[in-house]
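A closer look at the structure
Each chain, written out:
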Amino acid sequence: MSEFYTVKQIDNSRLVRVVAPNHLRECARVVSLGALIALCAFLYAWQHFETIQLRYELESLRSERAQAGELNQELRLEIAGLRAPGRIDVIARRELGLTAPVPGQVAPMDLPPNAVVAEARPADVPAAQQ
Amino acid sequence: MRHTTVRFRVPGDQMDLQSPRKRIMIVAALAAIWTAAVFGRLAYLQLYCYSDYYSRAQHQQRLIVDVGASRAEIFDRNLHPLAMSVPVDSAFAVPFEIADPDMVARLIGKVLDVPADDIATRIASSHSFAWIVRKLPPEKAERIAAMNLRGIYFQREGGRFYPKRELAAHVLGYVDIDEKGLGGIEYSLDDAIRSKPGKMLILADAHRRWYDSNDKAPDAGTSVILTLDEKIQYIAEKELAQAIHDTQAKAGTVIVENPNSGELLAVANWPTFNPNAAKDSAPESRVDRAASSLYEPGSVFKIVTLSAAIDQGITTPDEVIDCQNGAIYIAGHRIRDHKSYGNLTVSQVLANSSDVGAIKIGLRLGAPKFYGYISAFGFGQPTGVDLPGESRGKLRRLENWTPVSVGSISMGQEVGVTPLQMTAAVSAIANGGLIVRPHVVREFRRGNQTTEPQESQQPPRRVIRATTAAAMRRMLEGVVLEGTGKKAKLEGYTSAGKTGTAQKYDPDTGRYSTHDLIASFVGFAPISSPAITVYVQLDSPAGAHEGGQVAAPAFRRVAQQVLAYLDVPRDVPVAGEKLRASRAPVANGKGDTLSDMSDFAPMQAPAATADAVPPPVTARPEPVVAPPTVEIAEGDGIPAPNLLGKTVRDATEACLKMGLVPVLVGTGVATEQSPEPGATIRRGNRVTVQFSRGESFVSAAARGKIK
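Residues numbered from 1 in each chain as written. Chains lettered and ligands numbered in written order. Predicted model: local features only at pLDDT ≥ 70, side-chain atom pairs only at ≥ 80, totals over all residues.

**Points about the overall build of chain B**
Along the backbone of chain B there are 21 helices and 29 strands. A burial count over chain B gives 44% of its 707 residues as buried. Partitioning the intrachain contacts of chain B with sequence separation of at least 6 by distance along the chain shows that 73% fall at a separation of at least 24. (Helix = DSSP H or I, 4+ residues; strand = E, 2+ residues; numbered from the N terminus. Buried ≥ 20, exposed ≤ 12 C-beta atoms within 10 Å, placed from the backbone. Contact = placed C-beta atoms within 7 Å.)

**Digging into the domain arrangement of chain B**
Residues and elements named next belong to chain B. Segmenting chain B into domains produces domain 1 (28-56), domain 2 (68-198 + 215-223), domain 3 (230-274 + 289-625) and domain 4 (638-702). Relative to domain 3, the C-alpha centre of domain 2 lies at a distance of 41 Å. Contacts between domain 2 and domain 3 engage 23 residues on the former and 24 residues on the latter. Of all the elements in the fold, those that place two or more residues in the side of domain 2 that touches domain 3 are strand E4 (81-93), strand E6 (152-161), helix H6 (169-172) and helix H7 (184-188). (Domains from an automatic or database assignment.)

**Focus: the sheet that holds strand E27 (residues 669-674) of chain B**
Residues and elements named next belong to chain B. Taken together, the three strands give an open sheet; going across it, the order is E26-E29-E27, and neighbouring strands pair in mixed fashion. If you trace the sheet from one side to the other, it starts and ends with strand E26 (661-665) and E27, each paired once. If you compare each strand with its neighbour and ignore which way they point, the axes differ by 30° on average. Bridging between E26 and strand E29 (residues 686-692) involves five bridges; their strand directions are parallel. (Pairing = 2+ DSSP bridges. Axes fitted to C-alpha atoms, helices over the stretch in contact; angles between N-to-C directions.)

**Some details on the packing of helix H3 (residues 101-112) of chain B against helix H4 (residues 116-124) of chain B**
Residues and elements named next belong to chain B. At a closest axis distance of 8 Å, the pairing of H3 and H4 adopts a crossing angle of 130°. Between H3 and H4, the angle falls in the class oblique. Judged by the sense of rotation from one axis to the other, the crossing of H3 with H4 is right-handed. Of H4, the residues touching H3 (which contributes Pro101, Asp102, Val104, Ala105, Arg106, Ile108 and Gly109) are Ala116, Ile119, Ala120, Ile123 and Ala124. Residues that form the contact of H3 with H4 fall into these classes: nine nonpolar, one polar and two charged. (Parallel < 35°, antiparallel > 145°, perpendicular 65-115°, else oblique. Left-handed = near helix turned anticlockwise from the far one by under 90°. Nonpolar A, V, L, I, M, F, W, Y, C, P; charged D, E, K, R; others polar.)

**Things to note about the sheet that holds strand E8 (residues 210-216) of chain B**
Residue and element names in this part refer to chain B. Ordered in space as E2-E7-E8, the three strands form an open sheet in which the pairing is antiparallel. The open sheet has two edge strands with one neighbour each: strand E2 (62-67) and E8. Across the sheet, the axes of successive neighbouring strands diverge by a mean angle of 20°, strand direction being ignored.

**Observations concerning the nonpolar core**
Residue and element names in this part refer to chain B. In this structure, Val254, Val256, Ala266, Ile532, Phe555 and Val558 are the most contacted members of the largest nonpolar core, which totals 167 residues. For this core, the element with the highest residue contribution is helix H18 (residues 547-565), accounting for 10 residues. When near neighbours in sequence (up to four residues on either side) are disregarded, Ala266 contacts Leu228, Ile232, Gln233, Ala236, Val254, Ile255 and Val256. (Core = buried A, V, L, I, M, F, W, Y, C linked by C-beta atoms within 7 Å.)

**Section: unusual backbone geometry**
Residues and elements named next belong to chain B. Cis geometry marks the peptide bond from Trp270 to Pro271; its omega dihedral reads 5°. Summarising the element assignment, Pro271 is placed in the loop between strand E11 (264-270) and helix H10 (289-292). The backbone of Glu179 sits at a positive phi, close to 60°, despite the residue not being glycine. Examined against the element boundaries, Glu179 turns out to sit in the loop between H6 and H7.

**Looking at H18(B)**
All names here are of chain B. In this model, H18 (19 residues) spans 25 Å end to end at C-alpha, consistent with the 27 Å of a helix rising 1.5 Å per residue. With 15 of 19 residues buried, H18 is to be regarded as a mostly interior element. The first or second residue beyond H18 is Asp567, which carries a positive phi of 60°. (Expected span 1.5 Å × (residues − 1).)

**Observations concerning the environment of Pro81(B)**
Among the secondary structure elements, Pro81(B) is positioned in strand E4. Look at Pro81(B) and you get buried, because 24 C-beta atoms sit within 10 Å. When near neighbours in sequence (up to four residues on either side) are disregarded, Pro81(B) contacts Arg76(A), Ala80(A), Glu73(B), Phe75(B) and Pro163(B).

**Comments concerning the packing of helix H11 (residues 302-311) of chain B against helix H17 (residues 466-481) of chain B**
Residues and elements named next belong to chain B. At a closest axis distance of 9 Å, the pairing of H11 and H17 adopts a crossing angle of 135°. Between H11 and H17, the crossing angle belongs to the class labelled oblique. Along this stretch, H11 crosses H17, giving a crossing that reads as right-handed. Between H11, through Ile303, Leu306, Ser307, Ile310 and Asp311, and H17, the contact on the second element is made entirely by Thr468, Ala471 and Met472.

**So, the environment of Asp118(B)**
Residue and element names in this part refer to chain B. Examined against the element boundaries, Asp118 turns out to sit in helix H4. The class for Asp118 is partly exposed, based on 15 C-beta atoms found within 10 Å. For the pair Asp118 and Ala105, spaced 13 residues apart in sequence, the C-alpha to C-alpha distance is 8.0 Å.

**Topic: the confidence of the model for chain A**
With 88% of its residues at a pLDDT of at least 70, chain A reaches an overall mean of 84. Across residues 126-130 of chain A, where pLDDT falls below 50, the model places 12 contacts with residues more than four positions away in sequence or in other chains. (pLDDT = per-residue confidence, 0-100.)

**Quick look at the confidence of the model for chain B**
Residue and element names in this part refer to chain B. On average, residues of chain B score 84 in pLDDT, and 87% of them reach the 70 mark or higher. Mean pLDDT across the secondary structure elements of chain B bottoms out at strand E24 (residues 624-625), with 38, and peaks at E11, with 98. The model gives residues 577-635 a pLDDT under 50, and that stretch makes 115 contacts with residues more than four places away or in other chains. The model gives residues 695-707 a pLDDT under 50, and that stretch makes 14 contacts with residues more than four places away or in other chains. What the predictor reports for the complex is a pTM of 0.76 with an ipTM of 0.73.

**Section: helix H14 (residues 367-376) of chain B**
All names here are of chain B. The complete set of buried residues in H14 reads Phe370, Tyr371, Tyr373 and Ile374. Within H14, the buried residues cover an arc of 165° as seen down the axis, which keeps them to one side. In this fold, the buried residues of H14 make contact with H11, helix H13 (355-365) and helix H15 (405-410). Backbone geometry just downstream of H14 places Gly378 in the positive-phi region, at approximately 100°. (Arc of directions from axis to C-beta.)

Take a look at the structure:
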C-alpha cells in the first residue's frame, strides 16, 4: 500500500491572538519571584564566601598581632637591659666622665608655693598578656 | 485486478516513536531518572553518610593547640622589670623525615658549637620527635632556619630572662629549662607567677591556612612587685663588691631596709651569680646569705643586751660601770676586752664595745629576762621574710643555758643570727621599739587589680619602750661619733650603729678561729627620723678585719648614696670648706667595660662563678678643690623644747608650734623626753615623750629620771 502524506496549508495570518493580561501578570509575578529567590541565593552565597575570606584575613591579623606582641616583649626586654643601673653607671663614668656628687654639691631648696615639680613617672605595668 | 490502498496521513493522527513528542517525553524521562539518581546520591551522602564525612572533615580541618602564656613578670618598687619572659624558638627534629642525619648533625653542630655526635645522638634517640636544643638565642635559630633542613622544625616556648643580670639575683632566684622556679621569689611564688596554658581550636583549609579560631585564654599568672629599688640594690651591690675587693673577704652581705615599714630596699650577697646562666654558676654562689647563713654576731649583739637592761630600768645610759681593766671571770672562764678599760658609762661601754661592761650588764639583767628580750627581738625564730630557705637562727632554750651563757650571749657569742634578724632588731631601735616583719614582696598585680600579701596584715610588735629606743639611738650615735664606728659618720646626716668583729667557729679545732672573723656594722640614719637601716657583713676579710675598719666605711658609702637618692632631708649641715667637686675622669682600671654591659642579648650573659673575682670598681677620682656651694638652709637648728611636766595636749601643742613631730607614749604627765630639753634639733624631727600617771613630775625628778 502506498501512503501519501498531505500537508494541510493553514493560513493563520488572519488569526489574531487574544492578549490575556492575567496571564501576563502571572508570568511577570513568577519571573519576579524567581529573580528575587535567585538574588537571595546569590547574596547568601556571596556573604558566605565573603565571610570565609574575612575569616582568613582575621586570622592573618591575629597572627600579625601575636607577632607584634612578641616583638613588643622582646623590645621591652631590650629596653630593660639597656636601662640596667650597672650599664648606665659604666657609661656615665667611663664614657661621659661623670662622677657622683659629693654631699655639699647638692643643695636643697625651698620651693615657692605654686611651683610645679618635675618628677619621675613610674612605668606602667602592661596588662596581663592574653 | 490489483488493488492499491492510498492512505492520507494528516497531522494529529495517531502518533508513533519517531514523533517529536515522544522524543521529548523520552528525554524528560531520562532527565528525571538522572535527577533522581543525583538527588538520591546527594541524600545518601548528606544523610546516610553524614556522620562519617563530618568526622573526617573535622579531623582534617580542626587543630587543637596549647597556647602558652608567658610567665608573669617581677618588678622592682618603681615598676622596672627585673624578670621577664619572652617567646624563643626551640629546635626539634622529626627523625624519619631526615635523609642524612649525619650531615644535619654536622651543620647544626657548627651553628650551636656542639659536637656533631651529640646532635646525631639526639636525632637517633627517637623515630618521630627529638629535641635538638631548647630555647635558642634568636640569631642561632635564624641561622638554623636559614639552612632549611628537612625534618628540622621550631616550636615557640617561653624563655625567662633577667635583664639586669646579677642585680638582686638571690632575691629573684632563677628557673629551670621548663620555667619552674628553683630559687628566690621564682621558687617561693612559683604557683602565682607561673602561667596556665590555654587551648586554641583552629579550623584550617586544605592548604592549612587558618580561617577560624576560638581560644580559651591562657591564665597569664600574677606579676610580683618587690619592695626592692633597683638603684639602691645596685648601690648596695657595687659597694659590697668594692668592700670585698678591698678586703679580699670570702663573702659578704649588705641589706638596706626601711625601718618603719620593714620593706627591704636592697639585699646584696657576694658571691653572686647571673640568673640567666644559673646552671653554670657554683652552688655556693646561689646561697642567699642574708636569710639563710648563720653567724655569731659578736659585739653588735650588745645592742640587745643594753636595750633589755635599759628597758627593764636596770641601768641608764649614764650609769658608770667598772670594766675591771678589761678582764672578767665567769664560771671559771676568763673573758678579756680588746682594751683595758676602767670606768665607763653605759653609753661608753657601747661606744667602745667593752665586753666586760656588756657582760656585767647582762649578768645584772639575768638569764630569764635576757632570754625573753632576745626572743622578743626575733632571734631564734624566722623573721617571716618572704624568701625561701630562711634560717631561724640558733638560740639555746633557757633551760639549756650554762653558767657562762649569759656572759657569752651578752657579747654576741653562743647565739647564731642571720643578717636579716640583726637588721630587723636594729630597725626596732630605729623606729621606736617595734619589731616589723621584713619583707620583699610589696604587692601582686593581676591585670588591673593589685593585692597585698596576706602577711603584710601582721601588725608590728612592740619589743621595747619608745623612750628606751630613743635612748639607744643616742647611745648608738655615740658609737659613730666617739667610739669604734667613727668611719660610719656621714656627711650631712646623723648616723648611729654598732660595729661587730666576731670570731668564727672552726669545726676542725673545735674552738674559735683567731684569723677567720666576721666583720659587721649595722646602723641607721638619720637619727631623729630614721629613713634606712643598713647592714654590712664581711666574712673573713684579710688584713684589716675589724667591723669599724672594714664594714663601717662600706656602711657610710651605702648610706650616703641611698639617703641622697631618696632625697632625705639633711639634719646636719655640711661643712663648706670640705666641699670638693670631682671633675677628673674615672681612672681606667680593670673595671667593667661597656661591652660587658651593652646590648643585652638573651642567654649570652657570662656566668659568674664563686671563684671569679668581682670586677673591681674603678678607682675613685682624686677630688679637685672647688668653690664651696652656697647652701640654702632648710631651717637652722632649734633647741628642743622642755616638755617635762606637761600634759599630752600641752606637749603636742608645743611640738606642733615648733614644727616638730611628737611621738607620745603613755598617758598622764611627761616624765621623760628624747632628745633632752635644749638639744639642737631641726624642724620636722621627732621628739619622743614618755607620759605616766601616778608619778608626779617632782617625784620623777627626784628619782633621777629628769635632770
